[in-house]
Amino acid sequence: MRTQTLGEMQSQALRINGVIDHAARESGNREIVSRWADGSITRTNWAGIREDALKMAQALEALGLKPGERVASMAMNHSRHLVSWYGVAGMGGVLHTVNPRLFDDQLEYIVSHAEDKVMIYDAAFQPIIDKMKDRWTSVEHYICYDSGEHTQSFEDWIGAQDGDYEWFIGDERDPCMICYTSGTTGNPKGVQYEHRSTMLHAIAGMQPAAFNFSSSSVMLPVVPMFHAASWGLPYAGAMAGVKFVFSAVNDPAVLHQLMLDEGVTDSAGVPTVWLAHFQYCDKEGIDLPPLKAATIGGSAAPRFMVERLMKNGTRVQHAWGMTETSPIGTVGGPTSDWDNLTFEEKVTKTCMQGRPIYGVQLRTVDLDDMATELPRDGKTSGALQIRGPWIIKRYFKAEQDAANEEGWFDTGDVGIIHPDGTLQLTDRTKDVIKSGGEWISSVELENAAVGHPGVAEAACVGMFHPKWDERPVLFVVRKEGSDVTSGEIIEHLKPLIAKWWLPDAVEFVDDIPHTATGKISKKDLRDRFADYKLEA
Ligand code: AMP
């Protein structure tokens, strides 16, 4: 029986409408800039986003949408997409951000599985809409974010409302957004975020140990709004009153110019985004933009990338997370010993994946029994598990929980935890190579290989070996104009990794397969080389 009374503070549900109300009230005139696919630029502000979100919520109700039902968006980063993040949640709906790069069968599966009722899309994706329309039987309404050449335009659709609307009042644990994650096997799985989990994640995301946001931040997020809730930036940014600069195209020349013209201080994206930016600047013979901070995540940030950004005076925040973790798990930033470290040591530390932000807990367990907890000694690697209020409990419509009874969710990643809490990711459980009973990190091998100036991309997989069970084989795409040889790559690797980790073979390929989210698909690579034989 309860013996204690509750405390005496106010109770206010943590719901997304509270964030946009705050942004409109406290940072109402802070700009939201959008650079569209046709090259035009439009400007609104947080007050304008709220006004449009109210109209959108009204328009969704007018279509007959009920709280809890799903609205799909297939769109790049721009202000109208941002409006949808608040408009859908504001009427109690659930926004399903669809990744347009998924394959047709996956697109059919996720839209049907989510039972999306409305699909709002960029005109650039009209060919996908035309192709998929007959297969998306749940979708009753199509709306286009751009001019309505084929269907009603977003502006006309919300423009028909007066915006006299009261946000839907519900429980803070109601769902607000769903993102599907396409694993390497089976159908994609839906991760349904709640208002509360999203708010807690965004509050944590603003802090200095994460995105380090303030009202003077000008953020250009390259991470798409359709991938892993765009790392929660649209919410954390609203809380802090950040100026956002969105680009509906990911061309480095466009991004570069926008960064200079709009005084961008912060940006966030996967490593390939920075790679493309480096190549652009090298080709043009110009400097990198003077960013204060760059968040890199989604895949490991290679050493040369970290080094170059840091030499540019940019603070590199290397972050690790997953769709299942909302997504922020860890973020790197200066530690208490920072000032005593050499530049090289700072780079080494930044190449690791950072430390857990308040709210989440990490641990590693033995890869063989997946239960024995391992020491945080900076040496022992194991299967990475995570728990916390914005970590998945169960996939959408699944019959069983994805996390165990104590809340631990198995990430499928393999890593080392250092005594100061820094996570060092070494592999995926499915990709780690077991040679003569010892583990070899395929990711570390790849990272070392891409540091060679002649290598554009590298992927390492374990191939069957009659004596050692598995040995690493490195697949390499040469940079344009390079004629780097296998022997030169081995020589480059020698000082960087243990001798017995050196790949048994280096194979040159024209391309390496990628998943729809741009990650190397080891499964497809293994399939492609299914008949590959290593010599004993
Ligand atoms: P997704 O759910 O598509 O965002 O993929 C999540 C996966 O991306 C994680 O489980 C990791 O394998 C990988 N990943 C994310 N961030 C990093 C990082 N900073 N370094 C290495 N791998 C990462």
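Numbers given to residues run from 1 along each chain, matching the order in which its sequence is written. Confidence filtering applies because this is a predicted model: local features only for residues at pLDDT of at least 70, side-chain atom pairs given and counted only at 80 or more, and all residues used for totals across whole chains, interfaces and linings. Neither water nor hydrogens contribute to the side-chain values; these are computed over all heavy atoms in the structure.

Visitor: Break down the overall build of the protein for me, citing the residues and quoting the values.
Guide: Helix and strand assignments come from DSSP, with helices taken as H or I runs of at least 4 residues and strands as E runs of at least 2, each series counted from the N terminus. Counting its regular elements, the protein contains 15 helices and 25 strands. By its C-alpha atoms, the protein is 75 × 65 × 50 Å across when sized along the principal axes. With 536 residues in all, the protein has 54% of them scored as buried. In the protein, the proportion of contacts linking residues at least 24 apart, taken out of those at least 6 apart, comes to 66%. The method behind every accessible area is Shrake-Rupley, applied with a 1.4 Å probe, and residues are considered shielded solely by the protein chains displayed. When the accessible area of the protein is evaluated, it comes to approximately 23,800 Å², of which 48% is carbon and sulfur surface. When charges are counted, neither His nor the chain ends are considered; positive counts come from Lys and Arg and negative counts from Asp and Glu. By convention, charge coordinates are those of NZ in Lys, CZ in Arg, CG in Asp, or CD in Glu. The distance from the centre of the 51 positive side-chain charges to the centre of the 74 negative ones in the protein is 3 Å. Per-residue accessibility, obtained with a 1.4 Å probe over protein chains only, is compared with the maximum for each type, and a residue is labelled buried under 20%, exposed over 50%, and partly exposed between these values. Only heavy atoms matter for contacts: two residues are in contact if any of them lie within 4.5 Å across the pair.

Visitor: If you had to explain the site of the ligand to someone new, which residues and values would you point to?
Guide: Taken together, 15 residues are adjacent to the ligand, and Ala 319, Thr 323, Asp 413, Arg 428 and Lys 519 come closest. Here an oxygen atom of the ligand and a side-chain polar atom of His 227 are 3.2 Å apart. Two N or O atoms form a polar contact when they lie within 3.5 Å of each other; inside protein one atom must be a possible hydrogen donor and the other a possible acceptor, and for residues adjacent in sequence the pair counts only when both atoms belong to side chains. Within the backbone of Gly 298, one N or O atom sits 3.1 Å away from a nitrogen atom of the ligand. Calculation on the ligand without its partners gives an accessible area of 500 Å², and the protein chains cover 89% of this total. Among the secondary structure elements, those contributing two or more residues to the shell around the ligand are strand E14 (315-321) and strand E20 (423-428). For the shell around the ligand, the element with the most residues is E14, which contributes four residues. The residue classification treats Ala, Val, Leu, Ile, Met, Phe, Trp, Tyr, Cys and Pro as nonpolar and Asp, Glu, Lys and Arg as charged. All others, Gly included, are polar. Considering only residue class, the shell around the ligand consists of five nonpolar, seven polar and three charged. Both domains that furnish three or more residues to the shell around the ligand are identified here as domain 1 (18-350) and domain 2 (367-428). Nearness of a residue to a molecule or strand requires only that one of the residue's heavy atoms be within 4 Å of it. An automatic or database domain assignment supplies the residue ranges for each domain.

Visitor: Go over the sheet that holds strand E13 (residues 293-297), please, and point to the residues and values.
Guide: In space, the nine strands of this open sheet follow the order E2-E1-E11-E10-E12-E13-E14-E15-E16, with mixed pairing throughout. In the strand order of this sheet, the two ends are held by strand E2 (41-45) and strand E16 (355-356), each with one partner. In the packing of helix H8 (residues 233-240) onto the sheet, the strands contacted are strand E10 (218-221), strand E11 (243-247) and strand E12 (266-269), and the crossing angle to E11 comes to about 150°. Whether two strands pair comes down to DSSP finding at least two bridges between them. Note on method: axes are straight lines fitted to C-alpha atoms, helices fitted across the in-contact stretch only, with angles between N-to-C directions ranging 0 to 180 degrees.

Visitor: Kindly report on the domain arrangement of the protein, identifying the contributing residues and their values.
Guide: Once the domains are mapped, the protein shows domain 1 (18-350), domain 2 (367-428) and domain 3 (433-528). For domain 1 versus domain 2, the distance between C-alpha centres works out to 26 Å. Listed as interface residues are 26 residues of domain 1 and, on the opposing side, 17 residues of domain 2. Together domain 1 and domain 2 conceal approximately 1,700 Å² of surface at their shared face, both sides included; 67% is due to carbon and sulfur atoms. Summed over both partners, the accessible area (1.4 Å probe) lost when two parts come together is defined as the buried area. The largest contributions to the domain 1 side of the interface with domain 2 come from His 113, Trp 320 and Glu 324, which together make up 31% of the buried area. Any Lys or Arg side-chain nitrogen found within 4 Å of a carboxyl oxygen on Asp or Glu counts as a salt bridge. Our count for the contact surface shared by domain 1 and domain 2 stands at two salt bridges. Put simply, domain 1 and domain 2 have nine residue pairs in polar contact (both at pLDDT 80 or more) between them. Those elements that provide at least two residues to the side of domain 1 that touches domain 2 are helix H4 (104-114), strand E8 (175-181), strand E9 (189-194), helix H7 (195-206) and strand E15 (328-331). Per-element accounting of the side of domain 1 that touches domain 2 gives the leading share, five residues, to H7. Residues belonging to the side of domain 1 that touches domain 2 are distributed by class as follows: nine nonpolar, 11 polar and six charged.

Visitor: Describe the pattern of salt bridges, and please don't skip the residues or the numbers.
Guide: Pairing is possible between side chains that carry opposite charge, provided their charged atoms lie close to one another. Inspection of every chain in the model, using the stated rule, returns 31 salt bridges. For Arg 25, the salt bridge is made with Glu 26, and the minimal N-O distance between the two is 3.2 Å. Residue classification places Arg 25 among the exposed residues on the basis of a relative accessible area of 57%. Between Glu 344 and Arg 303 there is a salt bridge, with the nearest N and O atoms lying 3.0 Å from each other. Here Arg 303 lies in helix H11 (residues 303-311) and Glu 344 lies in helix H12 (residues 343-351), a separation of 41 residues in the sequence. Taking the relative accessible area as the measure of exposure, Glu 344 reaches 42% and is therefore partly exposed. A network of salt bridges, in which partner residues are shared, links Glu 31, Arg 43, Lys 243 and Glu 262.

Visitor: Any details on the sheet that holds strand E4 (residues 94-97)? Residues and values, ideally.
Guide: With mixed pairing, the seven strands of this open sheet are ordered in space as E7-E6-E5-E3-E4-E8-E9. This sheet does not close on itself; its edge strands, each paired only once, are strand E7 (152-153) and E9. Sheet topology note: the E4/E8 ladder contains two bridges and is parallel. Along E8, the bridge assignment pairs Leu 95 with Met 177. Packing of helix H3 (residues 79-90) onto the sheet brings it into contact with strand E3 (70-74), E4 and E8, and relative to E4 it is tilted by some 145°. Along the sheet face, H7 touches E8 and E9 and points at about 75° away from the line of E9.

Visitor: Run through the state of the cysteines, naming residues and quoting values.
Guide: Cysteine sulfur pairs qualify as disulfides if the two atoms are within 2.5 Å. Counting across every chain of the model gives zero disulfides. Left unpaired, Cys 351 is separated from the closest cysteine sulfur, that of Cys 460, by 18 Å. The exposure class assigned to Cys 460 is buried, which follows from its relative accessible area of 0%.

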